[in-house]
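# Summary of structural features
Residue-level listing of the chains:
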Amino acid sequence: MRAVAWDARSQATMALGAPMHDIRQLKLEYTQRLLGDTIALSERAWQEPARLPGWTRAHVATHLARNADALVRAVDSVLMGRRGLMYDSDEDRELAIERGSERSGLDLQIDLDTSAGRLSRRLNVLDSLPGDLMVELAPGLLFRADILPLVRLNEVILHHIDLDCGFDATNIQPRVARWLLEWNCLAIELLHGPTIRVESDSGFRCILPGAADETEVARGSDALLLGWVTGRLDAEASLSLPEIPVTA
């Protein structure tokens, strides 16, 4: 499967269903919960494998911090009336994550905290911007300004799971799981296998078109389906659901 661009109509629908002020408050709450878990990690634990293949917890933390800084950069660029992507290149992003992962646990914790604070202050500026102002985060990938807090909330929650420090999909509030399930389903195109019909207990329905003729059904809670569609369920929890390639 691969990620596809979220179209303007889908983003407008998400913006109506997930109010920016609510999302910003939840982003703060989930960020504090993440920081509360990471502050308890030992130096050894920081360098142990995360749930993302090839990454340690230190890699995940560095990625989260640089993602916050990149979102600040994108917002600043719009405020100055010029084009500015989150990252100069994939190579620069990967190098920054690799070098950052070599730091001490204290440095990682401070970076997570301060970068999150900078982003929160910058997102306050969104109140003065038109909600439908488009911000380019990657080449050709445009997001509404009022969707950016949801973009960050998604990063914080999914990578909290990746840190493998006691937080999983079952810890996500139902309404947050519903928003993030809808958001992640918008980003998916199956390149092989059957079409999958997603049916959540909350009433959310969508189709993930596949390349084969047959159709399978994925049913469950929003949190369960969110974990499934983002590749963040363990093997046992995934047994009742169709096979789907793991996302990044």
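Our subject is the structure that appears above.
To start, this report covers the structure provided alongside it. (Residues numbered from 1 in each chain as written. Predicted model: local features only at pLDDT ≥ 70, side-chain atom pairs only at ≥ 80, totals over all residues. Heavy atoms only, no water.)

Regarding its fold elements, the protein presents nine helices and seven strands. A compact globule built from 248 residues should have a C-alpha radius of gyration of about 18 Å, and the protein, at 18 Å, falls within 12% of that. Along the first, second and third principal axes, the C-alpha atoms of the protein reach 50 × 45 × 30 Å. For the protein, the proportion of its 248 residues judged to be buried stands at 48%. Long-range pairs, those at least 24 residues apart, make up 61% of the contacts in the protein between residues at least 6 apart in sequence. Of the roughly 11,900 Å² of accessible surface on the protein, a fraction of 52% belongs to carbon and sulfur atoms. Here the protein holds 26 positive side-chain charges and 37 negative ones, and the gap between their average locations is 4 Å. (Helix = DSSP H or I, 4+ residues; strand = E, 2+ residues; numbered from the N terminus. Rg over C-alpha atoms; globule rule 2.2 N^0.38 Å. Buried < 20%, exposed > 50% of the residue type's maximum accessible area, 1.4 Å probe, protein only. Contact = heavy atoms within 4.5 Å. Areas by Shrake-Rupley, 256 points an atom, 1.4 Å probe, with all protein chains shown as cover. Lys, Arg positive; Asp, Glu negative; His and termini not counted. Charge placed at Lys NZ, Arg CZ, Asp CG, Glu CD.)

Applying the stated criterion across every chain yields a total of 14 salt bridges. A salt bridge links Asp127 to Arg24, with the shortest nitrogen-to-oxygen separation between them at 2.9 Å. On the criterion of sequence distance, the pair formed by Asp127 in the loop between α6 (105-123) and β2 (134-138) and Arg24 in helix α2 (residues 20-38) is long-range, its members being 103 residues apart. The partner of Glu48 in a salt bridge is Arg57, with the nearest N and O atoms 3.1 Å apart. Residue classification places Glu48 among the partly exposed residues on the basis of a relative accessible area of 30%. The exposure class of Arg57 is buried, given its relative accessible area of 8%. (Salt bridge = Lys/Arg side-chain N within 4 Å of Asp/Glu carboxyl O.)

Across its 15 residues, helix α7 (residues 148-162) extends 21 Å between first and last C-alpha, which sits within 8% of the 21 Å expected from 1.5 Å per residue. Most of α7 is tucked away, with 15 of its 15 residues classed as buried. Directly after α7, the chain includes Asp164, whose backbone phi takes a positive value near 55°. (Expected span 1.5 Å × (residues − 1).)

Our focus in this paragraph is empty space enclosed by the protein. Under the defined criterion, the tally for this structure stands at two cavities of 30 Å³ or more. Put simply, the largest cavity is a space of about 50 Å³. Among the secondary structure elements, those contributing two or more residues to the lining of the largest cavity are α2, α6 and α7. Looking at side-chain class alone, the lining of the largest cavity contains six nonpolar, one polar and one charged residues. In this structure, the second largest cavity occupies an estimated 40 Å³ of space. Contributing to the lining of the second largest cavity are Met14, Ala15, Ala18, Met20, Ile23, Asp146, Ile147, Pro149 and Leu150. Grouping the constituent residues of the lining of the second largest cavity by class yields eight nonpolar, no polar and one charged. (1 Å grid on protein atoms, 1.4 Å probe; cavity = no way out; pocket = protein on both sides within 12 Å on 5 of 7 lines; lining within 4 Å. Points joined across faces, edges and corners; volume = space filled by probe spheres on them. Nonpolar A, V, L, I, M, F, W, Y, C, P; charged D, E, K, R; others polar.)

All right, on to the pairing of strand β3 (residues 141-144) then. For a regular strand, the rule is simple: side chains alternate between the two faces of the sheet. With four bridges joining them, β2 and β3 adopt antiparallel strand pairing. Each residue of the ladder has a partner; that of Val135, found in β3, is Phe143. (Pairing = 2+ DSSP bridges.)

This next bit is on the sheet that holds strand β7 (residues 215-220). What the three strands build is an open sheet, ordered β6-β5-β7; its pairing is mixed. One side of each edge strand has no neighbouring strand; the edge strands of this open sheet are β6 (205-208) and β7. With strand direction ignored, the average angle separating the axes of adjacent strands in the sheet is 20°. With four bridges connecting them, strand β5 (residues 195-200) and β6 associate as antiparallel partners. Within the sheet, the bridge partner assigned to Val198 lies in β6 and is Cys206. Packing of helix α9 (residues 222-229) onto the sheet brings it into contact with β5, β6 and β7, and relative to β7 it is tilted by some 130°. (Axes fitted to C-alpha atoms, helices over the stretch in contact; angles between N-to-C directions.)

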